[in-house]
There are 2 protein chains.
Amino acid sequence: MTESTAGDPAPLALDPSSATPLYRQVRALLEDQLARGVYGPSRPMPSTRYLAQALGVSRNTVALAYQELTGAGLVESRPRSGLYPVNLAPTSTTPRTTRRDRTIQMDWQPRLERHQAGLHQLPVTKAPAFPEWQDYPYPFISAQPEMKSFPARSWQRAMVAALHNPHLTYSVRDAGDSDDPLLLEALCNEILPSRGVHATTDEVLMTSGAQQGLSLIADVLLGPTSTVVVENPGYVDAWQICSRIGASVVPVPTDQWGAVIEDAPGFDAIYLTPSHHHPTNVTLSLPRRRLLMDQLADRDAFVIEDDYDSEFRFRGQPTPSLKAMDTSGRVLYIGSFSKFLAAGLRLGFVVGHPEVIAALRAERHNRSKHLAGHLQRALGIFITSGDYHKVLRGQRRRLRANWDTLTAAVNRYLPLPDEGGSYPPGGVSLWYTAPAEIDCKRWALRAREHGVLVADGSRYYFPGTWRNHNLRLGYSSLRTEQIEPGIRALAAALP
Amino acid sequence: MTESTAGDPAPLALDPSSATPLYRQVRALLEDQLARGVYGPSRPMPSTRYLAQALGVSRNTVALAYQELTGAGLVESRPRSGLYPVNLAPTSTTPRTTRRDRTIQMDWQPRLERHQAGLHQLPVTKAPAFPEWQDYPYPFISAQPEMKSFPARSWQRAMVAALHNPHLTYSVRDAGDSDDPLLLEALCNEILPSRGVHATTDEVLMTSGAQQGLSLIADVLLGPTSTVVVENPGYVDAWQICSRIGASVVPVPTDQWGAVIEDAPGFDAIYLTPSHHHPTNVTLSLPRRRLLMDQLADRDAFVIEDDYDSEFRFRGQPTPSLKAMDTSGRVLYIGSFSKFLAAGLRLGFVVGHPEVIAALRAERHNRSKHLAGHLQRALGIFITSGDYHKVLRGQRRRLRANWDTLTAAVNRYLPLPDEGGSYPPGGVSLWYTAPAEIDCKRWALRAREHGVLVADGSRYYFPGTWRNHNLRLGYSSLRTEQIEPGIRALAAALP
């Protein structure tokens, strides 16, 4: 590539004493010039060599700045020609003779593509959603509540109470960027301690499900230069959320002790589901947890811990959260009421350092102000009234019964691989491994004709690492008595 | 390693005919005992030799089970003592001398600053929020509902109905990125037509208040190279939302006919509150609307129309929305139930081209999936039951009475500028202009001592264009009978 030396030297005053890295300062200068139209189709960007000399910085510094501008879609390289500003307004400059016909429809596509182009979207399959799940007698999925066991009565009681004094004000007020104080107290006092998390209310932010927590963290703390390690197989939405802001998303494999931490490359953040790995349901082992926590300080990295279904452990002690081991403030803890109550209510939260929470709060304000007051107040009442713990015990009993029935049925009716079937006791789904010769993708499709809705495991693998040996058998959306006949129907659908 | 032989032999019934390997069965038994607290700091795990004998299995089998338990972090060996259950409480980690001190707190500031540095934030004052508004006898604000006139009973009826068949499913399901079909139909059939907007359900997206609609549009359709024209004075949050993604935000002045469109420079998008300009409450004139619509195609630009309180027009015909004039698909229409119901419920929507709506929907999924199903379903029921229109009529009557009382009281008790006081009949607030010599900022502060909460107008001006001649008298948060005494108290606070 030949680079032009015909640049505009411009003001170009860098401040070496500034806390802002030099390459960022260079980038800002160039962005300013780009915005002022200094460069154009017939005027390329100054060469790296020229600019390094003019600014008195290394060529690496300039190269880094250009790399970011290219990544941001502001400049592009043309073969044997150099770097040019991207022409972002293709049609606006055309001359006009007469007034345009106002009924000519706007073409939104270029604008939408421009947006998409800036994103380094992973070519992942979307996480499986089964909108028609209720049409199936045996929905072995985990995202949906089982209607009969949704605590409609106690939830209704809380929603109604939230519309009376002294609660009404909190249910309907414009809360600015704040959260419901009753709910924050209830979370800190009655929910988090059982996860080993001891937080004050300024360390908690209410979010619209775990999803909002994750996307706020990605947008506020990560960027195009960040590397985020994720579990493989894993939570596809998390990959999307990180990759859409341009971060590099790097998978590490998982085994029966959870994510293989020792294989993780350098990273800025790691997204984990340590209590019950999504989707295999295994628990991250203590030695790996220790290894991870030791690495964090060395790497100046942080953990995003998604504890989405930690309430559900049926045998043994619940494994403590990573946050409970966090002595250096490097764990951001994401919780959710989606599995316990219902995903459709969109209730979640983030626990972290007060400074981080304040920044996430400011960004949440720009996005959607606060979470609906009525839902927050009702959840606060639901917890403090004791209904939460009562319902939780009932749900645990139900899910434990489902797990027992399911593991027995799987071992009895489904073909098992040589190493046998053994399943971690907890969570809301079972990760079934089939003998190598079975095509699970085909099996899951055939199962539908037998009334069984089930996600084949391939959907959870990182692009390029696809494997076809698993089914994810969610058992939270069924009644216990549906399970054995459901597994028999699944067996009957074997390809 | 010497292992203790003092174990609890327990029931320990293995099933040699099971498909589960023996070592897995041993592991399950031990896990169960661990969970029940059989072993502890002073009680080690049984030795391999003892357990092999007691269970009638080989020592290798037991050793394999222990190996897994150790790997899972459930037991650990202590030198010259044996295997012990791991104390899972956070303090269990013994201090280490060589390893890095894990209690050194992470410094989040550089990361947060790195993020902030990427943003070209406008130095705007935050929009006024008055969390303590209920402590004042006369809260002349507009963001908050008047508790007595909030339709608690009919809203409660809708929320309860949404928890029964056939609605419950829609209230609690994980809807993926979709919206409640009942609510979309109700919006398209019963709400939008009165605004002159005729849309199909694929042209509508439900949002967490108008704020989410605006921020989705900014994030998906605008970027660092975009220019967004906004009204001055105007809605401060909109400026923040556009400037935080790096867009250039350019103010145009407003007069008694709304935003001075003819002064607008080139732009990619223009954000307007044409029905009732925020905060002055004037309506964008028809000639300016025509001029604007003509400019759009020439500029290949689009309008973000925030119709946040269009329900409230007390005299004459409601001005049609800009969207109703939109023959080229260049208007994105944002609506809200914040003023009519309550801001705290966070219910809003966007109407636009199906391709745009699909892109906003995908981004909303990454941010927060969907809006809480229970709220959506309740709002759908609220509208289709006829309660919406009944409540709307009542609210209009109340606000009309408030407006009549307020304009009379202002003209009677407050000093007026030479041009007199004349106020557009509609909206939820009155933009009062004081004689030039009065310091309104000081007046608003002094008013608090007289029990009056009111926003001084300077808060709504673009950075660098600050003016101090106005008060924004919101009248939706008061009962009618509070208004005259409130204005008298305000007059008494004149500096």
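Residues numbered from 1 in each chain as written. Chains lettered and ligands numbered in written order. Predicted model: local features only at pLDDT ≥ 70, side-chain atom pairs only at ≥ 80, totals over all residues. Heavy atoms only, no water.

## Quick word on the side chain of B:Arg364
All names here are of chain B.
Next up, step 1: Along the chain, the position of Arg 364 falls in helix α11 (residues 354-368).
Next up, step 2: With relative accessibility at 1%, the residue Arg 364 sits in the buried group.
Next up, step 3: Looking at Arg 364, its side chain comes within polar contact range of the main-chain oxygen of Lys 369, at 3.1 Å.
Next up, step 4: In this structure, Arg 364 is in contact with Asp 177, Ser 178, Asp 179, Leu 205, Met 206, Gln 212, Leu 216, Lys 369 and His 370, ignoring residues within four places of it in sequence. (Helix = DSSP H or I, 4+ residues; strand = E, 2+ residues; numbered from the N terminus. Buried < 20%, exposed > 50% of the residue type's maximum accessible area, 1.4 Å probe, protein only. Polar contact = N/O pair within 3.5 Å; in protein donor to acceptor, adjacent residues only side chain to side chain. Contact = heavy atoms within 4.5 Å.)

## What about the interface of chain B and chain A?
Next up, step 1: Counting residues at the interface gives 104 residues for chain B, matched by 106 residues for chain A.
Next up, step 2: Buried surface at the junction of chain B and chain A, both sides included, amounts to about 9,300 Å², of which 55% is carbon and sulfur.
Next up, step 3: In this assembly, chain B and chain A are joined by 2 salt bridges.
Next up, step 4: Ionic pairing is found between A:Glu363 and B:Arg244, a salt bridge with its closest N-O pair at 3.0 Å.
Next up, step 5: Our count for the contact surface shared by chain B and chain A stands at 28 residue pairs in polar contact (both at pLDDT 80 or more).
Next up, step 6: If one sorts the elements of the side of chain B that touches chain A by residue count, α11(B) sits on top with 8 residues. (Buried area = accessible area lost by both parts, 1.4 Å probe. Salt bridge = Lys/Arg side-chain N within 4 Å of Asp/Glu carboxyl O.)

## A look at helix α13 (residues 373-384) of chain A
Residue and element names in this part refer to chain A.
Next up, step 1: Between the first and last C-alpha of α13 there are 16 Å, a value that for 12 residues agrees with the 16 Å anticipated at 1.5 Å per step.
Next up, step 2: For α13, the tally of buried residues reaches 11 of 12 residues, placing the bulk of the element in the interior.
Next up, step 3: Residues of α13 that are buried: Gly 373, His 374, Leu 375, Gln 376, Arg 377, Ala 378, Leu 379, Gly 380, Ile 381, Phe 382 and Ile 383.
Next up, step 4: In the segment just after α13, Gly 386 is the residue with positive phi, at about 90°. (Expected span 1.5 Å × (residues − 1).)

## Looking at the environment of B:Gln67
Next up, step 1: Along the chain, B:Gln67 falls in helix α3 (residues 59-71).
Next up, step 2: Taking the C-alpha atoms as reference points, B:Gln67 and B:Asp404, 337 residues apart in sequence, are found 81 Å from one another.

## Quick notes on the sheet that holds strand β14 (residues 470-474) of chain A
All names here are of chain A.
Next up, step 1: If you walk across this open sheet you meet the 4 strands as β3-β13-β14-β12, and the pairing is mixed. The open sheet has two edge strands, β3 (138-140) and β12 (429-433), and neither has a second partner. Mean inter-strand twist for the sheet, computed between neighbouring axes without regard to direction, equals 30°.
Next up, step 2: In the sheet, β12 pairs with β14 via 5 bridges, with the strands oriented antiparallel. Note that in β14 the partner of Trp 431 across the bridge is Arg 472.
Next up, step 3: Across the sheet, helix α14 (residues 387-413) lies against β3, β12 and β14, angled at about 15° from β12, the strand it touches most.
Next up, step 4: Packed on one face of the sheet, helix α16 (residues 480-492) meets β3, β13 (452-456) and β14 and runs near 85° to β3. (Pairing = 2+ DSSP bridges. Axes fitted to C-alpha atoms, helices over the stretch in contact; angles between N-to-C directions.)

## A few points about empty space enclosed by the protein
Next up, step 1: Applying the stated rule across the entire model yields 11 cavities of 30 Å³ or more.
Next up, step 2: Around the largest cavity, the lining is made up of 23 residues, and of these A:Ser208, A:Leu371, B:Ser208, B:Leu371 and B:Ala372 lie nearest the centre. (1 Å grid on protein atoms, 1.4 Å probe; cavity = no way out; pocket = protein on both sides within 12 Å on 5 of 7 lines; lining within 4 Å. Points joined across faces, edges and corners; volume = space filled by probe spheres on them.)

## As for the packing of helix α13 (residues 387-413) of chain B against helix α15 (residues 480-492) of chain B
Residues and elements named next belong to chain B.
Next up, step 1: α15 packs onto α13 with a crossing angle of 25° between their chain directions and a minimal axis gap of 9 Å. Classified by the interaxial angle, the pair formed by α13 and α15 is roughly parallel. In terms of crossing hand, the pair formed by α13 and α15 is right-handed. For the pair α13 and α15, contact is made by Arg 398, Ala 401, Asn 402, Thr 405, Leu 406, Ala 409, Val 410 and Tyr 413 and by Thr 480, Ile 483, Glu 484, Ile 487, Arg 488 and Ala 491, respectively.
Next up, step 2: The residue inventory of the contact of α13 with α15, partitioned by class, reads 8 nonpolar, 3 polar and 3 charged. (Parallel < 35°, antiparallel > 145°, perpendicular 65-115°, else oblique. Left-handed = near helix turned anticlockwise from the far one by under 90°. Nonpolar A, V, L, I, M, F, W, Y, C, P; charged D, E, K, R; others polar.)

## Quick word on the sheet that holds strand β11 (residues 348-351) of chain B
All names here are of chain B.
Next up, step 1: One open sheet holds the 8 strands; their spatial order is β4-β11-β10-β9-β8-β5-β6-β7, and the pairing between them is mixed. Edge positions in the sheet fall to β4 (204-207) and β7 (258-259), since each of these pairs with one other strand and no more.
Next up, step 2: Relative to β11, strand β10 (residues 331-336) runs antiparallel, the two being bridged by 4 bridges. Note on β11: the bridge partner recorded for Ser 336 is Gly 348.
Next up, step 3: Where helix α8 (residues 209-221) meets the sheet, its contacts fall on β4, β8 (269-272), β9 (302-306), β10 and β11, and the angle it forms with β10 comes to roughly 155°.

## Some remarks on the nonpolar core
Next up, step 1: A:Trp155, A:Phe337, A:Tyr432, B:Trp155 and B:Phe337 are the most contacted members of the largest nonpolar core, which totals 161 residues.
Next up, step 2: Beyond its immediate stretch of four places on either side in the chain, B:Phe337 contacts B:Leu187, B:Ile191, B:Ala342, B:Leu347, B:Phe349, B:Leu379, B:Ile383 and B:Tyr388. (Core = buried A, V, L, I, M, F, W, Y, C linked by side-chain atoms within 4.5 Å.)

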